[in-house]
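Take a look at the letters that make up each chain.
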Amino acid sequence: APDAQPHTLRRLIADAAVLVVRSALPADLLDHAPRLLGIVRQGVGVDMIPIEAANARRLPVANVPGSNRHAVAEHAIGAIALLRRRTPAMDTLLRRDGWQASRALADTSAELHGATLGIVGVGEIGTRVAEIAHHGYGMRVLGHQRRLDALPAFVEGAPLDELLARSDAVVLACPLTDATRGLLDARRLALMPRHAVLVNVARGAVVDEVVLVEALRTRRIAGAALDVFSLQPLPADHPLLALDNVLLTPHAAGLTTQSMHRMSVGAAEEVRRLLAGQWPLNLVNREALDL
C-alpha cells in the first residue's frame, strides 16, 4: 500500500488473498475483502487488527511472537540505565554548561545492581527483561500478571499496587486489553517512589498520559522512557516534548535489523501456509475458529 489511509486500504483489499499488517486497520476494512484467506501481523501486537470482525468471518489471524523480544528488552534495560545514571541530563549540561555542572549530577545517579525492577506483563518480552535484569545486573525482579504462579523462578510475584510501591524502576510490557487500558492512573502512579522511573514499551493507552505528564513535570516520579503514546505519531506540540526527564522514541523499541528480519521471515512463512490452505503456525484467534 502506498499509504495507510482508510480509502486506500479499502480499495486495495478487494483483490487480496492475505493481508500483512504493520499499521492500524480501519474497523470496517474486512467488509471490503471478499477474497481474504487470513491476516498476518508482521510483528507481535494484534490490537491494530479488528479481531472480532475476523472471527465473525472465520478468518485466521497470525502473528510472529518473540520476534522482537530481544530488541524491546534491550531497549527497556538500556533506558533504565540511562535514566538512573542521569546520562541524558549529563550530556545536555556538558554541552551547555561545561564539565563541572555535568559531573555534579553523578552525585544523585544510581546503579542498577541491587535495585528492584517491577515488570507488568511477564510474557516473551517481560521475561527477557527479567533475565537481563536479574542475571546480568543483579537486580531484584518483581512481576505482575494474571497468573502469578506462572512466573519464572527468579521473579517474585506481586499485586500491582505492591509492585509499584516497591520498585525503583517499572517496565510496562503487557498487551493492551480492556483490563489494561488506563491501568496506571493517578492513584497508581502516586504509589511509585519519587526516585522511581517508568518505562513503557507496551501501548500508550496503558497509562493515563495526562496524569503521567503531570507526574513528570512535578517530579512526582524521577523520569520515564516512553516508546508508545496514546496518539501516534506524537503531535509536535505534545507536552511530553517540553520535559527534560523523559526519553522519547517513536515506537521503535522493537525495530532493529535483526528483529525486522525475524518479523519479515516469520510473516512470509505464515503467508505461505495460508496460501497453501494450511492453518498458521502462530494462530492468534484459535478459540474463535473452534480449533
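This report concerns the structure included in the present document. Counting of residues starts from 1 at the beginning of each chain's written sequence and follows it residue by residue. Residue-level local features of this predicted model are given only where pLDDT is at least 70; pairs of side-chain atoms are given and counted only at 80 or more, and the full residue set underlies all totals for whole chains, interfaces and linings. Only hydrogens and water are set aside when side-chain values are computed; all heavy atoms of the structure are taken into account.

**Examining the nonpolar core**
Of all hydrophobic cores here, the largest spans 30 residues; its most connected members are Val 120, Val 170, Leu 172, Met 192, Leu 198, Leu 212 and Leu 216. Here a helix means four or more residues in a row that DSSP labels H or I, a strand means two or more in a row labelled E, and each is numbered from the N terminus. Tallying contributions element by element places helix α9 (residues 209-217) first for this core, with four residues. Working rule for contacts: check all heavy atoms of both residues, and any pair within 4.5 Å makes them a contact. Excluding its chain neighbours within four sequence positions, the residues that come into contact with Leu 212 are Leu 189, Leu 198, Val 207, Ile 221 and Leu 226. The nonpolar core is taken to be a set of buried Ala, Val, Leu, Ile, Met, Phe, Trp, Tyr and Cys residues, with the residues joined through side-chain atoms within 4.5 Å. Only protein chains enter the accessibility calculation, which uses a 1.4 Å probe. A residue is then buried if its area is under 20% of the maximum for its type, exposed if over 50%, and partly exposed in between. Membership of the second largest hydrophobic core comes to 29 residues, among which are Ile 77, Val 199, Val 201 and Ala 253.

**Quick look at the sheet that holds strand β8 (residues 197-200)**
Two strands qualify as a pair provided DSSP detects at least 2 bridges between them. With parallel pairing, seven strands are arranged side by side in an open sheet as β6-β5-β4-β7-β8-β9-β10. Two strands close off the open sheet at either side, each with one partner strand: β6 (155-157) and β10 (246-248). The mean angle between the axes of side-by-side strands here comes to 20°, regardless of whether they run parallel or antiparallel. Here β8 pairs with strand β9 (residues 223-226) via four bridges, running parallel. In the strand pairing of β9, Val 199 is matched with Ala 225. For helices, the fitted axis covers only the stretch in contact; all axes are lines through C-alpha atoms, and the angles between them, taken along N-to-C directions, range from 0 to 180 degrees. Packing against the sheet, helix α6 (residues 124-137) makes contact with β4 (116-120), β5 (140-144), β6 and β7 (169-172), and its axis sits at approximately 170° to β4.

**So, the pairing of β5**
Where β4 meets β5, five bridges bridge the pair, whose relative direction is parallel. Within β5, the residue paired with Val 120 across the bridge is His 144. One crossover worth recording links β4 to the parallel β5 by way of α6, and it is right-handed. Relative to β6, β5 runs parallel, the two being bridged by three bridges. When the bridges of β6 are listed, Gly 143 appears paired with Gly 157. Orienting the strands away from the viewer, one traces the path from the first strand over the helix to the second; a clockwise path indicates a right-handed crossover.

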